[in-house]
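# Report on the structure
Here is what each chain is made of, one letter per residue.
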Amino acid sequence: MEKMSRVTTALGSNSISGRTMFCHLDAPANAISVCRDATQVVVAGRNIFKIYALEEEQFVEKLNLRVGRKPSLNFSCADVMWHQMEENLLATAATNGAVVTWNLGKPSRNKQDQLFTEHKRTVNKVCFHPTEAYMLLSGSQDGFMKCFDLRKKESVSTFSEDLRILSAPNSVKNTISCFTTHFCLVIFSRGWLATGGRDKMVKVWDMTTNRAKEIYCVQTIASVARVKWRPERKFHLATCSMMVDHNIYVWDIRRPFIPFATFEEHKDVTTGIVWRHQHDPHYLLSGSKDSTLYQHMFKDAMRPVDKANPEGLCFGLMGDLAFAVNESLVSSDAGRKPYAGGDRRYPFFSFKKPNPTEQFAHVSSALSVFETDLDSNRMDWFVKTAQRYLLSGKPFTELCDHNAKVARELKRPQVRRRNLDRQIKPTKHVFGQREENTRNNAIMQLSSINLSETSSSSLRVVTTPPSSSSSSCAVPEEQVYTLPPEAFQLRHEIVDNPSAPEHLQQDKADSPHVSGNEAEVTCLTPIESFSLISISQPLYSPHLHASFFCPIVREMLSYYAEQGDVQMAVSVLIVLGERIRKEIDDLTQEHWYMSYIDLLQRFELWNVSNEVIKLSTCSAITCLNQTSTTLHINCTNCKRPMSNKGWICDRCRQCASACAVCHHVVKGLFVWCQGCSHGGHLEHIMNWLRNNAHCPAGCGHMCEYT
Amino acid sequence: MLEEGVKVPRALASGPSCFIPAKEMLIEGPNQDILIESFLSLGRVDHLTTIMALHPSYLSCFLKTQHALFELDGPLPRDWRHYISVLAAARHHCSYMVQQHSAAFLEAGGEENWLGGLEHAPAKLRSLQTLNKLLAHRPWLITQQHIQELVCAGAEPRWSLAELIHAVILMANTHSLCSFAWGCGLNPEPDHVGGYTFHPPSPSHIPRSTHSPAHEDGRQELVDGAVEVEVLMKRMVELQEQEEECTQEEMVTRFERERSESIPTAVVRGAPPELVLCLVEEPEFRYEDFAPRGEQSPHIMRAQDYSWEDHGFSLVQRLLPDMGQFLDEEFQVVSNLTYHRMAMHEGVDTYTLRKALWNYIHCLYGIRYDDYDYGSVNVLLERSLKVFVKTVACHPEQTTARIYHAFWRHFRHSEKVHANLIVMEARLQAALLYTLRAITYYMR
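A few points on the structure. Every value quoted in this text rests on a predicted model; they were computed, and no experiment measured them.

Procedures and definitions
- Residues numbered from 1 in each chain as written.
- Chains lettered and ligands numbered in written order.
- Predicted model: local features only at pLDDT ≥ 70, side-chain atom pairs only at ≥ 80, totals over all residues.
- Heavy atoms only, no water.
- Phe/Tyr/Trp six-rings, centres within 6.5 Å; stacked < 30°, edge-to-face > 60°.
- Helix = DSSP H or I, 4+ residues; strand = E, 2+ residues; numbered from the N terminus.
- Buried < 20%, exposed > 50% of the residue type's maximum accessible area, 1.4 Å probe, protein only.
- Lys NZ or Arg CZ within 6 Å of the ring centre and 35° of its normal.
- Pairing = 2+ DSSP bridges.
- Core = buried A, V, L, I, M, F, W, Y, C linked by side-chain atoms within 4.5 Å.
- Contact = heavy atoms within 4.5 Å.
- Patch = residues over 30% accessible without salt bridge, like charges linked within 9 Å, V, L, I, M, F, W, Y side chains within 5 Å.
- Areas by Shrake-Rupley, 256 points an atom, 1.4 Å probe, with all protein chains shown as cover.
- Salt bridge = Lys/Arg side-chain N within 4 Å of Asp/Glu carboxyl O.
- Axes fitted to C-alpha atoms, helices over the stretch in contact; angles between N-to-C directions.
- Parallel < 35°, antiparallel > 145°, perpendicular 65-115°, else oblique.
- Left-handed = near helix turned anticlockwise from the far one by under 90°.
- Nonpolar A, V, L, I, M, F, W, Y, C, P; charged D, E, K, R; others polar.

It is worth spelling out the packing of aromatic side chains at this point. Aromatic ring pairs are reported here in terms of the distance separating the ring centres and the angle at which the planes meet. Within the structure shown, the criterion is met by 27 aromatic pairs over all chains. A ring pair is formed by F260(A) and F298(A), whose centres lie 6.1 Å apart and whose planes are at 25 degrees; its orientation type is stacked. Here F260(A) is found in the loop between β21 (248–252) and β22 (261–263), whereas its partner F298(A) is found in the loop between β25 (292–297) and α3 (304–307), with 38 residues between them in sequence. The two residues F260(A) and F298(A) agree in class, both being buried. Relative to Y365(B), the ring of W140(B) lies with its centre 6.1 Å away and its plane at 65 degrees, an arrangement referred to as edge-to-face. In this pair, W140(B) sits in the loop between α8 (129–137) and α9 (144–151) while Y365(B) sits in the loop between α17 (351–364) and β6 (367–368), placing the two residues 225 residues apart along the sequence. The exposure class assigned to W140(B) is buried, which follows from its relative accessible area of 8%. Aromatic ring contacts, followed pair by pair, group F19(B), F388(B), Y404(B), F407(B), W408(B) and F411(B) into a single cluster. Above the plane of the ring of F285(B) lies K133(B), whose end atom (NZ or CZ) is 4.9 Å from the centre. For the cation-ring pair, K416(B) lies above Y404(B), with the distance from its terminal atom to the ring centre recorded as 4.7 Å.

Here we come to the pairing of strand β16 (residues 192–196) of chain A. Residues and elements named next belong to chain A. Of all 5 residues that make up β16, 5 are buried, and the element is covered over most of its length. A two-sided burial pattern is seen for β16, the buried positions comprising W192, A194 and G196 on one face and L193 and T195 on the other. Here β16 runs beside strand β17 (residues 201–206); their pairing, made up of 5 bridges, is antiparallel. Its bridge partner lying in β17, T195 is registered against K203. Counting the residues that bridge the hairpin from β16 to β17 gives 4 residues, and of these K200 lies at a positive phi of roughly 60 degrees.

Another point: the nonpolar core. Judged by nonpolar contacts, the single largest core of 151 residues is most densely connected at M52(B), Y83(B), L164(B) and L432(B). Residue contributions to this core peak at 16 residues, all from helix α21 (residues 413–443) of chain B. Those residues within four positions of M52(B) in sequence are excluded, and the remaining contacts are Y58(B), L59(B), F62(B), L177(B), F180(B), L421(B) and M424(B). With 40 residues, the next largest nonpolar core counts F382(A), Y389(A), V553(A) and I621(A) among its residues.

A contiguous nonpolar patch, built from I36(B), F39(B), L40(B) and V45(B) and spanning about 320 Å² of accessible area, is present on the exposed surface. Assignment of secondary structure puts V45(B) in the loop between α2 (32–42) and α3 (47–52).

Here we take up the packing of α8(B) against helix α10 (residues 161–183) of chain B. Residues and elements named next belong to chain B. Here α8 crosses α10 at 40 degrees, and the two axes come no closer than 10 Å. Classified by the angle their axes make, α8 and α10 are oblique. At the point where α8 passes α10, the crossing takes the right-handed sense. Packed against α8, whose contacting residues are L131, N132, L135 and A136, the element α10 presents L164, V168, M171, A172 and H175 at the interface. Tallied by class, residues from the contact of α8 with α10 come to 7 nonpolar, 2 polar and no charged.

Note that every value here comes from positions in space, so none of it alone points to a role or purpose.
Printed below as a string of structure tokens:
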């Protein structure tokens with residue numbers, strides 16, 4: 001490196017200037033390279049081989065090296081390299097396996113200088129020796145690296161491609177880059193070697209010791225095509241990818257999770273990147289398959305770090321809330337009241353020493369955890385209802401009955417009401433005999449029930465009717481008179497109950513108590529309103545179809561879902577089945593299902609969640625059950641994975657999963673002790689442990705069967 | 001059972017292949033372990049496996065790929081996977097593959113009437129037909145529009161990219177397996193239509209000829225054949241030593257010559273069985289020579305611009321994790337498979353011959369390697385071999401015993417199966433490369 005800086009012009013008075021700019025090429029580029037004084041760039045590809053001058057405002061085409069009516073395949077370049085000492089010397093790697101050198105000083109139009117055709121396959125990479133002016137290194141898909149001496153017109157040494165080539169550059173002292181067929185691409189710098197490949201990783205190896213040691217690793221999102229160290233920045237490197245991803249990333253290898261900077265200008269894969277001057281970290285040139293050549297200014301780069309969300313918020317399973325935020329923000333918030341009892345601030349556990357070379361703002365965050373009061377009723381209801389609700393397997397009315405009963409037992413009045421409400425519908429069909437206009441009344445009634453159930457503010461009374469206004473235009477006066485009192489009355493009852501009982505999700509932090517008797521009060525209201533319907537209200541005319549209620553039910557379900565009670569929404573959705581399904585758009589349904597299943601799984605209610613998945617009709621949900629359908633079995637004898645489908649382990653040649661009681665192979669339900677890993681037929685083990693305390697295998701373990 | 005009036009069927013086939021005598025399989029089929037393993041995992045050793053067991057190292061990675069493709073986690077349900085394969089096999093009239101996958105389809109819980117005709121299958125599966133057709137016969141015509149029609153937001157029914165790539169691999173895999181099945185002359189399994197009979201064997205019954213014509217021909221032929229092998233070996237050595245320079249023009253001409261050389265493959269055969277025909281749309285759509293000079297000229301694909309190693313692998317691995325790895329292993333095993341022997345000679349480097357075969361097939365599909373001299377294809381592949389390769393790769397249903405026996409008369413059957421493996425994998429890769437390129441363009 002020291003030697004290198006002596007021979008290169010240091011970035012002196014004539015410092016580079018420019019701006020982010022680009023130009024169109026005629027054809028996709030495969031590689032680019034700059035000359036030593038950073039004033040010109042060569043672009044090479046299958047159908048292009050040109051030199052552009054880098055001017056202040058634009059690229060200017062200087063020279064087209066691709067000459068001849070029908071250029072030979074020697075012009076079809078996979079890689080190009082400009083000699084860093086000899087201004088007129090270029091080398092290219094051709095797709096037909098030739099390595100070509102070009103001398104710009106030649107007077108003729110064709111600048112081709114020497115041709116080496118020693119490689120059998122496409123050459124992927126060429127590279128000049130940084131200090132020995134006549135040495136050229138090439139690597140090809142035939143698995144060989146060759147070193148050419150330009151004075152001798154033939155290769156002087158050949159390396160066979162292997163992992164050993166990692167050490168080969170050492171013998172050629174400070175070679176900056178070499179390559180292998182497809183796996184890695186290697187860049188050397190200060191005794192560090194960066195490799196990238198189709199395993200989507202950039203690894204940095206320390207080569208100063210005898211054994212190469214991996215010291216940093218950056219995970220990318222696509223296979224890595226090129227890696228270049230950033231000049232003057234020890235920890236920075238730029239990468240671009242071979243497929244799919246078109247961006248150029250600059251990484252700080254110490255912070256491998258988020259790119260330090262990105263350039264997003266290209267519209268197709270970037271094939272060549274090069275820093276414009278080897279002592280200036282601010283200019284990056286890139287060529288791409290989209291036939292453009294860009295000069296990127298580092299100051300114009302996107303900084304993903306700036307967009308990262310500096311705050312984190314997460315709900316625990318039991319309603320705890322963790323909140324991490326920049327400490328400065330927290331302390332400045334003087335008006336913040338510490339929460340009585342529940343608020344416990346956890347100290348930030350680790351603190352990294354700031355490193356002045358890192359260009360990252362140091363942020364120390366405060367992590368606050370708000371715990372919900374243990375006494376207030378918790379998420380138990382969720383678990384219990386989830387387990388006890390019946391979603392299928394019985395006639396519709398029985399299901400409703402059952403679920404209503406469950407809800408009542410668990411003191412979840414709203415839910416119960418809902419289920420009752422569901423019962424109303426069929427009965428209404430049966431009894432309805434009155435004149436048509438009364439139905440409006442019933443609707444009003446129903447919507448007011450809706451309101452009482454949802455415990456929302458009285459404003460809703462005003463807003464709900466219009467939803468069913470299509471039929472309310474002909475409401476007779478008297479009916480109107482009868483309605484308001486009821487609605488009013490109900491509303492009052494709600495106002496009397498100051499806290500909403502079931503807003504667990506949102507209000508946990510501020511309303512720790514939900515008194516039992518309040519819940520009972522609310523429990524009463526629905527019965528009243530229900531009786532209002534069934535006794536005093538005119539019932540439905542027979543021609544009123546069930547679908548008439550769909551808008552109301554839909555609204556109700558949405559409300560529940562919004563309140564965080566997806567359990568309700570999903571259960572109703574499943575039980576009502578076809579009656580309601582088409583009313584709600586698929587995305588919403590899917591969203592509800594997903595949230596409910598997610599909740600169920602967090603509570604480890606696997607059976608329930610599977611039932612829900614099975615009963616759902618959304619294709620996106622049912623296919624959840626189609627992934628991870630493999631069961632992996634380990635042999636009980638040798639504890640190794642069983643690779644084949646039989647009952648015999650192919651390693652120890654014994655029957656795997658034999659029953660410890662009857663010594664036969666268990667095909668079906670297998671139960672085993674998690675302490676000693678012995679087990680067998682479910683029935684056998686149950687019988688055995690009824691009379692014995694010890695393991696049937698005789699291992700002496702005191703097995704427990706629960 | 002006979003007494004109770006139940007007819008007992010009798011297996012007809014006397015071995016896995018009607019080209020290869022059963023006793024040769026026994027002599028040459030060494031490795032038992034791999035057969036035990038495949039018996040344990042599949043519950044039977046079918047003819048396909050028996051023949052592939054001639055090359056155990058390939059068989060083991062082949063079985064792994066098949067297992068991953070049909071059994072392991074993936075975006076498509078299991079019955080669909082087999083149904084897609086049924087559709088793919090039907091394109092090549094390969095009743096062997098059709099019946100194998102039909103059985104697996106029913107076993108996976110598929111609906112029986114789907115097998116009665118395409119119109120019973122869901123619209124989403126039917127929408128694959130164009131792709132299936134192109135993939136089977138002219139993969140170079142696949143463009144990003146085809147992908148877009150299936151994947152874009154407005155498409156109804158819509159495929160996700162992962163599902164699509166799974167389906168594409170299934171189809172391409174089955175198409176190339178059909179080539180293998182036809183190329184090796186697989187006999188129907190005993191439970192297949194045509195694989196059994198209820199007639200008792202008649203005393204005058206002469207089993208189908210299991211002798212290759214090479215054995216029946218006179219001594220003169222034998223001597224000629226031995227000379228052919230010698231000549232071929234000499235040429236291979238020469239090619240490796242020779243450092244011939246030739247112009248760009250000359251290289252293109254050589255490629256074009258190989259590509260456009262007329263190899264008669266169209267042999268008229270009986271109509272395919274009804275069982276197969278009802279699953280094919282546009283049965284008249286067949287392979288046609290890749291013709292870059294034609295009216296709507298498709299471009300030659302340059303292997304350097306879209307290669308399996310750099311591009312295809314990454315894309316598959318991205319959309320269908322692990323599948324890329326399995327396929328990559330398969331390609332690598334096939335390209336490195338060698339026993340260092342040719343016919344009666346040991347210790348031969350067969351690299352150039354294998355390379356020539358591989359590149360010739362890619363050439364038939366319009367894929368060109370800048371770094372390959374297509375002159376050597378002409379030197380190394382005799383005409384009868386070209387006829388066989390082109391038939392198996394492009395019109396597999398027209399393979400006949402005569403074509404099979406006509407090439408490499410002094411080579412072992414296992415070596416001919418080796419050639420079949422190369423054809424199969426090269427074909428698979430070519431079809432995948434075109435489709436994956438189209439998907440890449442779509443994603444751009």
